[in-house]
Amino acid sequence: MKEIKVYRGRLFTMFDGIPTEILRFIQDSISMVPVIVIGSGASAAYGIAGMGELADYIVQEVNPLEEEKIKWEKFKQLLDEGADLESALHEIDLSDRLEMEIIKKTKKLILSKDVVVREKVALNQIEMPLTKLLRYLNSTASPQLKIITTNYDRLIEYALDDAGIDYDTGFKGSYIQKFNERMNRLSNKAEVLKVHGSLDWYSNSLFEVLSLPDSFQDVESLAPVMVTPGKRKYEHTHDDPFRSLISRVDLLFSKANSILIIGFGFNDRHIQPKLMQKMRDSETPIIIITKSLTPQARAFIKTNENSKILGIEEGSNGSNLVFPNKDDVEISFSIWELGEFIKIFT
């Protein structure tokens with residue numbers, strides 16, 4: 001059963017079982033045009049590989065040299081014993097060659113799914129819920145969309161294109177795009193900050209980082225620019241484009257009026273320090289929506305008792321609402337799915 005309620009002069013739908021204060025919290029948070037954080041969980045519904053599938057693929061596809069086999073077997077053993085991909089790669093110091101092989105295989109697997117989504121969007125076979133969300137936010141008086149992601153795929157860019165929204169990823173040019181740390185922040189363009197790189201980023205022989213079409217993927221003199229899990233993960237981010245992007249992310253978090261986190265597992269130290277600081281700021285509303293809150297995400301919520309944080313994950317018959325200062329609440333609507341979530345305020 002649905003009831004029509006009036007809130008701040010407009011009608012919205014209230015679903016039985018969802019507390020009124022939760023609906024108001026969501027609507028207020030969205031009205032502030034939140035900084036959006038997007039993790040791998042947001043891409044999983046489109047077949048983009050998560051860490052588990054990626055680990056299996058890497059083990060099958062990467063072939064170590066004879067002198068690399070001892071460490072490679074230790075790496076595989078860790079995975080067999082239940083370690084996740086990031087933990088295993090942190091534990092074993094693989095060679096530079098193996099690291100590059102992992103990057104190339106990671107790119108190959110994700111790209112194969114990414115281009116399928118692009119085709120479906122281009123042919124109007126699907127409209128992503130993210131498209132609807134971004135279109136709605138961009139219709140506000142002063143949108144200034146800021147989107148932060150750890151994903152390599154381009155689903156965010158496809159959603160923005162589909163919504164007809166101009167955006168800036170930090171690269172300037174048309175056919176050969178070069179990184180420019182001075183992103184176009186004065187216009188109404190959306191900012192997309194890809195703190196771990198992208199499928200279409202490459203490094204050339206001069207160590208310039210370029211954004212190029214997918215047809216360049218087999219050019220031997222170009223190396224993919226993607227930060228993968230491992231001991232060197234944080235070393236690779238000391239230079240541009242990552243240094244400028246992470247600095248920009250810190251600034252956006254410090255200024256955010258609200259934050260919307262979609263499918264992010266809270267496993268990344270690049271964007272978490274400022275985010276954690278914001279979570280301790282009781283005046284900043286934060287919403288986390290995902291299929292399943294990771295232990296780290298749940299701990300972040302529960303250990304910030306004075307903060308305005310709402311976690312939304314899949315429940316046994318709908319959604320499970322997670323709060324920092326009271327018990328979880330089960331509701332019978334699947335608002336952990338982005339498509340259902342946006343019905344609350346659109």
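Overview of the structure. Computed from a predicted structure; not experimentally measured.

A few words now on the environment of Val37. As for its position among the elements, Val37 is in strand S3 (residues 35–38). Given the relative accessible area of 1%, Val37 is considered buried.

This part covers the sheet that holds strand S11 (residues 223–226). Strand order across the open sheet formed by five strands is S6-S7-S10-S9-S11, with antiparallel pairing between neighbours. Each edge of the open sheet carries a strand with a single partner, namely strand S6 (171–172) and S11. As defined by bridge partners, S6 adjoins strand S7 (residues 177–179) across two bridges and the pair is classed as antiparallel. Opposite Phe171, over in S7, you have Phe179 as the bridge partner. Set on the sheet, helix H5 (residues 96–122) makes contact with strand S9 (197–203) and S11; between it and S11 the angle comes to about 80°.

A word on the packing of helix H2 (residues 51–61) against helix H3 (residues 69–80). The N-to-C vectors of H2 and H3 enclose an angle of 150°; their axes lie 12 Å apart at closest approach. Here H2 lies roughly antiparallel to H3, going by the angle between them. In this structure, the crossing between H2 and H3 has a hand that is left-handed. Counting all contacts with H2, which are made through Ala55, Ile58 and Val59, the residues of H3 involved are Trp72, Phe75, Lys76 and Leu79. For the contact of H2 with H3, a count of residues per class yields six nonpolar, no polar and one charged.

Take the pattern of salt bridges next. Throughout the structure, instances matching the rule amount to 19 salt bridges. Salt-bridge contacts for Glu127 lead to Arg135; the nearest nitrogen and oxygen are separated by 3.0 Å. Given the relative accessible area of 34%, Arg135 is considered partly exposed. For Asp200, the salt bridge goes to Arg154, with nearest N and O atoms at 3.5 Å. With a gap of 46 residues between them, Asp200 in strand S9 and Arg154 in the loop between strand S4 (146–149) and helix H7 (155–163) connect regions that are remote in the sequence. Comparing Asp200 with Arg154 shows no difference in burial state: the two are buried. One connected set of salt bridges, linked through shared partners, spans Asp114, Arg118, Arg154, Asp200 and Asp214.

It is at 10 Å that the axes of H2 and H5 come closest, and there the two elements cross at 120°. In terms of their interaxial angle, H2 and H5 are classed as oblique. H2 and H5 meet at a crossing whose hand is right-handed. Note on element contacts: H5 touches H2 through Ile102, Lys105, Thr106, Lys108 and Leu109, opposite Glu53, Leu54, Tyr57, Ile58 and Glu61. Classifying every residue of the contact of H2 with H5 gives five nonpolar, one polar and four charged.

Our focus in this paragraph is the side chain of Asp114. Its location among the elements puts Asp114 in helix H5. Residue Asp114 is classed as buried on the basis of its relative accessible area, which comes to 0%. Only 2.4 Å separates the side chain of Asp114 from the side chain of Tyr158, close enough to count as a polar contact.

Alternating residues of S4 divide into Lys146 and Ile148 and Ile147 and Thr149, and every residue in both groups is buried. In the sheet, S3 pairs with S4 via three bridges, with the strands oriented parallel. Considered in S4, the bridge of Ile38 is made with Thr149. Two elements, S4 and strand S8 (residues 190–194), share four bridges in a ladder whose sense is parallel. Looking at the pairing, Thr149 lines up with Lys194 of S8.

Right, let's get into the pairing of S3. Burial along S3 is two-sided: the face carrying Val35 and Val37 and the face carrying Ile36 and Ile38 are both buried. The pairing of S3 with strand S12 (residues 259–262) spans four bridges and is parallel. Each residue of the ladder has a partner; that of Val37, found in S12, is Ile261.

The first and last C-alpha atoms of helix H8 (residues 242–255) sit 20 Å apart over 14 residues, in line with the 20 Å expected at 1.5 Å per residue. Of all the positions in H8, only Phe242, Ser244, Leu245, Ile246, Arg248, Val249, Leu252 and Phe253 are classed as buried.

Our next topic: the environment of His196. Looking at where His196 falls in the secondary structure, it is placed in the loop between S8 and S9. We classify His196 as buried; its relative accessible area is 6%. Separated by 29 residues in the primary sequence, His196 and Val225 place their C-alpha atoms 8.3 Å from one another.

Residues Ile26, Leu133, Leu134, Ile312 and Phe341 are the most contacted members of the largest nonpolar core, which totals 50 residues. Examining the composition of this core, we find that six residues originate from one element, H7, more than from any other. Those residues in contact with Leu133 that lie beyond four places of it in its chain are Ile36, Leu260, Ile262, Leu338, Ile342 and Phe345. Judged by nonpolar contacts, the second largest core, of 32 residues, contains Phe266, Leu275, Ile286 and Leu293.

The rules behind each value
Residues numbered from 1 in each chain as written. Predicted model: local features only at pLDDT ≥ 70, side-chain atom pairs only at ≥ 80, totals over all residues. Heavy atoms only, no water. Helix = DSSP H or I, 4+ residues; strand = E, 2+ residues; numbered from the N terminus. Buried < 20%, exposed > 50% of the residue type's maximum accessible area, 1.4 Å probe, protein only. Pairing = 2+ DSSP bridges. Contact = heavy atoms within 4.5 Å. Axes fitted to C-alpha atoms, helices over the stretch in contact; angles between N-to-C directions. Parallel < 35°, antiparallel > 145°, perpendicular 65-115°, else oblique. Left-handed = near helix turned anticlockwise from the far one by under 90°. Nonpolar A, V, L, I, M, F, W, Y, C, P; charged D, E, K, R; others polar. Salt bridge = Lys/Arg side-chain N within 4 Å of Asp/Glu carboxyl O. Polar contact = N/O pair within 3.5 Å; in protein donor to acceptor, adjacent residues only side chain to side chain. Expected span 1.5 Å × (residues − 1). Core = buried A, V, L, I, M, F, W, Y, C linked by side-chain atoms within 4.5 Å.

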